[in-house]
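# Understanding the architecture of this molecule
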Amino acid sequence: MKELRRVSLGILVLFSTLFASTTVLQVFQVDNLRVDPRNVRTLYDSYSTERGSIIVGTTNIAESVPSDDIYTFQRTYVGGGLYAPITGYYSINHGMSGLELAMNDQLSGQSNAQFFDQVLALVTGANPRGASVRLTLNASVQQAARDALGDLTGAAIALNPKTGQILALVSTPSYDPNDVASHDADTAATAYQALIDSSNSPLANRAIASTLYHPGSVFKLVVAAAALDSGAMTTSTAVPNPASLTLPQSTSTIQNSGGGKCGKGDNVTIAESLLRSCNIPFAEIGQIVGENTIRDYAEKFGFGATIEIPMPATPSIYPSGMDDAQLMLSSFGQYDVQVSPLQIAMVTSAIANGGRLMKPTVVDSVLAPDLSPLTTFEPTEYSVPITEGTASTLVQMMINNVQSGVASNAKIPGIAVAGKTGTAENGDGAPYTLWFTGFAPAEDPQVVVTVMVENGGGLGQTGTGNSVAAPIARAIMKAVLSQ
Amino acid sequence: MSAPLSSLDNSTITEQLLLRLKIPTKLRNLEATLILFAMIITSSALALVDLGATGHLNVSIIGLSLGLGAIVLAMHMAQRFVARDADPLILPIVTLLNGLGIAMIHRLDIANGLTGWQSQATRQMVWTAIATVVAIAVIVTVRNHRVLQRYRYVWMAIGIVLLVMPLIPFIGVTINGARLWVNLGVVTFQPGEIGKIALALFFAGYLVTARDSLSMVGKKFLGVRWPQLKDLGPIFVVWMVAMMVLIFQRDMGTSLLYFGLFLVLMYVATGRAIWFIVGGGLFGTGALIASRFLTYVEGRFAAWLDSFNPVVYEAIGGSYQLVQGMFGFASGGIIGTGLGAGHPNIVPLAESDYIVASLGEELGLVGIFAILSLYLLFISRGMRIGINGADDFGRLLAVGLTFVIALQVFIVIGGVTRVIPVTGLTTPFLAAGGSSLVANWIIVALLLRLSDTVRHQREGGVAS
């Protein structure tokens, strides 16, 4: 029967397409379909593996404990909001953030280093377990930084300039990740919505991401570094010292903070300008050095790059194509210069470490479920933006700043502290952004601390970096040095 | 007269009896052994489901295993009496498919927390029992399939009544947008499933008598010989019926199934491939027009072509179910998550329309290939019965019944794997659903009867 054979052949063709279509779905399209955000199975699967812990010292600040529901494990966090800016949250309906997101491959056991374990778990039928992540954070420094910021809105970072290891990272106000991680959909949704709706953005990690800030006078460190290191100026080069300067092609004038000239002379050096944190001389210095040179240095310090600690930080901005007036304003940290506190900590860290900028990180090591190390992070150099000579010149200037200048509130008896304050304007009538960045001991830096306080520290336009931010930084430095 | 037959005639009555018992017993014993294999696989699957999903064994799986075993054994015993020469592979294949279906439905019961009479697996077991009783009744009462040919117009009437039933007010029910169900107070069922058998019987019976005129060659045009205009009547009538199903019952799958069945039988009866061109053109035109004017058809096409578009995904009757089913397949990968270890219950209707996606998730590509191979084996046995068929009616009927199963498997699995738009048919033997089980088990009974006749005639000497 010719017809029957042809019908059989036709059926075979139909079935061949089924063999092909199922193969496409179950072999070739698997990766595409698994990463689709609408695929909740991926989430369920990640819950059924025992996710690794996040460890500070000997404490699990985030861990998975068995639960009786379909998710098998409940993620819990200790310390309420203390570590939330670092850990982030791991939630069923609201995704994940922070380190939970940045180290998800390791925590969930999906990283390449754990491939053999995965295969073994598949064969033995054992539940796969994720790796744990040990942090570089120091619990008492973290607590001290959190306490020092108190009810203020802002951020603080403490790091070791010789290794780049972050000792404390605080962003206020914070939130309790346990609420968002709740397996009860309503509880989690209510908590999450409240955090989203809150006017002071508790979910934002102000230390590294979210919005950027005007650096104000702390940016003078970058301009001074560029001026000295490029050879455009020396420590003895002096610039005119008027009490008021009209910007080019403009009727606007700029003043030094507090008004008047910068010291007594008709001309003023970089050292004196930095000591008194004068705006007019830095506007002139910026014009002498030029936008391109300043940008070169800014980028070597990390501007424009996404720094991953491993949570990605928002790249800081040094504007391009500025006219003379804009260049002058930007040279004391106004106009469109915008930074993250991490970026200022990196600039300070390079100065403190003899010109070598170490890559900042919060991860010390990744540990297998039996706590044997899978990977240990070695200190890595990010760049060498300035020479050792330039660095030591700047260190001396920063010591003077604290000893006899505008950063006096960072003084610690018996210890040489180096620092720089900033009081950045945000437009007419708007509260200032208050900064302090510095390190101690100046001759052998153990810790770099950068503090940023938003909203004028609640003092409108009367608070300054020295009055609000410097004491916070001092408390954090003392916490490190008393260890 | 061939040699073995003459020797049979010359032997003693005792020898004849021994021989008659010996040859058929071989087939039936093979069948019994294969059924035992199918039951071992089914029981293991049920046990793995329990262990995978709950971590311990539940007594209900003993009931499900023994229940299916007893039902199939009854069918097997019936054949030992009335169809001793029937094909030995068909029943074991169907047992395994039915058993795997019950195992997966039981797995979804666990996920959905259904127990007792709420349990879909228990219901499926009861329906399997009912279906088998009907199948035994068919194989016992229909001793000679040629009788069926005589009633071809009765089958036509029954087929039309069954088709129209869901449209009758009060008893017709619309479920998931398709008006395919009938509620008789006690049970809700899909008459269209039984209707496909009535139509296969009618088509086969009608085409045997009408094929001579349908084979007549008409004028040559565009290099092919077209049928004569007056012979276009039947295909036009069936096309109209298919279009009515599409428009009024809102079911593309059934419409395609009926029309495809008719086309294939017409081709087999007349040997003229031109009917595929005529029929394909008619159906294609109808479907194209329908996709423009019927919103449900349009929606199905959009869900098929643009499944991952968020708008289509979110739309009511959109691609949500299809996409979730594909996620299920993907999560299974090559070797599957293991029975009881996946999340097949995420997909709506995971136990009926999307049971293949559920099986794909937990048994993987390997399991799907095994299931597709089982269907292919079943189809190859069916086609063999057709090829070896002694009379034209039996041949056409075997091909028709087999093709209905093949096309239905293609339409359903092709739908959930995005080869064609999704339609509302069920996967034969696997999917939860009483009407479908009863209908497909009747097909099994008819194929077994036809295969018994084929062998019987060869050995009994009444071959034409």
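Throughout what follows, the structure given in this document is the object of discussion. Note that the coordinates shown come from a computational prediction; the quantities given were computed from them, not determined experimentally.

## Details of the sheet that holds strand E6 (residues 166-172) of chain A
Strand pairing within a sheet occurs via backbone hydrogen bonds; the two strands may be parallel or antiparallel. Residue and element names in this part refer to chain A. Read from one edge of the open sheet, 5 strands run E6-E5-E17-E16-E15, paired in antiparallel fashion. Edge positions in the open sheet fall to E6 and strand E15 (418-424), since each of these has one partner strand only. Averaged over all pairs of adjacent strands, the angle between strand axes in this sheet comes to 5°, irrespective of strand direction. Two elements, E15 and strand E16 (residues 433-440), share 7 bridges in a ladder whose sense is antiparallel. What sits directly across from lysine 420, in E16, is threonine 437. The strands that helix H16 (residues 341-352) touches are strand E5 (154-159), E16 and strand E17 (447-453); relative to E17, the one it contacts most, it runs at about 150°. Running over the sheet, helix H17 (residues 388-404) touches E15 and E16 and is turned about 70° from E15.

## So, the environment of Tyr44(A)
With respect to the helices and strands, the residue Tyr44(A) is situated in helix H3 (residues 40-48). For the pair Tyr44(A) and Thr72(A), spaced 28 residues apart in the sequence, the C-alpha separation amounts to 9.1 Å.

## Points about unusual backbone geometry
Residues and elements named next belong to chain A. Across the junction of threonine 172 and proline 173, the peptide omega takes the value -10°, indicating a cis bond. By secondary structure assignment, the location of proline 173 is in the loop between E6 and helix H9 (177-180). Backbone geometry places serine 201, a non-glycine residue, at a positive phi of 40°. Looking at where serine 201 falls in the secondary structure, it is placed in the loop between helix H10 (185-197) and helix H11 (220-229). A positive phi angle, close to 55°, is found at tyrosine 335, a residue other than glycine. By secondary structure assignment, the location of tyrosine 335 is in the loop between helix H15 (324-330) and H16.

## Quick notes on the interface of chain B and chain A
As a measure of interface size, the accessible area lost when the parts come together is often cited. Listed per partner, the contact involves 35 residues of chain B and 27 residues of chain A. When residues of the side of chain B that touches chain A are traced back to their parent elements, those giving at least two are helix H10 (252-270), helix H14 (320-332), helix H15 (355-388) and helix H16 (392-416) of chain B. No other element matches H15(B), which puts 11 residues into the side of chain B that touches chain A. Here the side of chain B that touches chain A is composed, by residue class, of 24 nonpolar, 10 polar and 1 charged.

Conventions adopted
- Residues numbered from 1 in each chain as written.
- Chains lettered and ligands numbered in written order.
- Predicted model: local features only at pLDDT ≥ 70, side-chain atom pairs only at ≥ 80, totals over all residues.
- Pairing = 2+ DSSP bridges.
- Helix = DSSP H or I, 4+ residues; strand = E, 2+ residues; numbered from the N terminus.
- Axes fitted to C-alpha atoms, helices over the stretch in contact; angles between N-to-C directions.
- Contact = placed C-beta atoms within 7 Å.
- Nonpolar A, V, L, I, M, F, W, Y, C, P; charged D, E, K, R; others polar.

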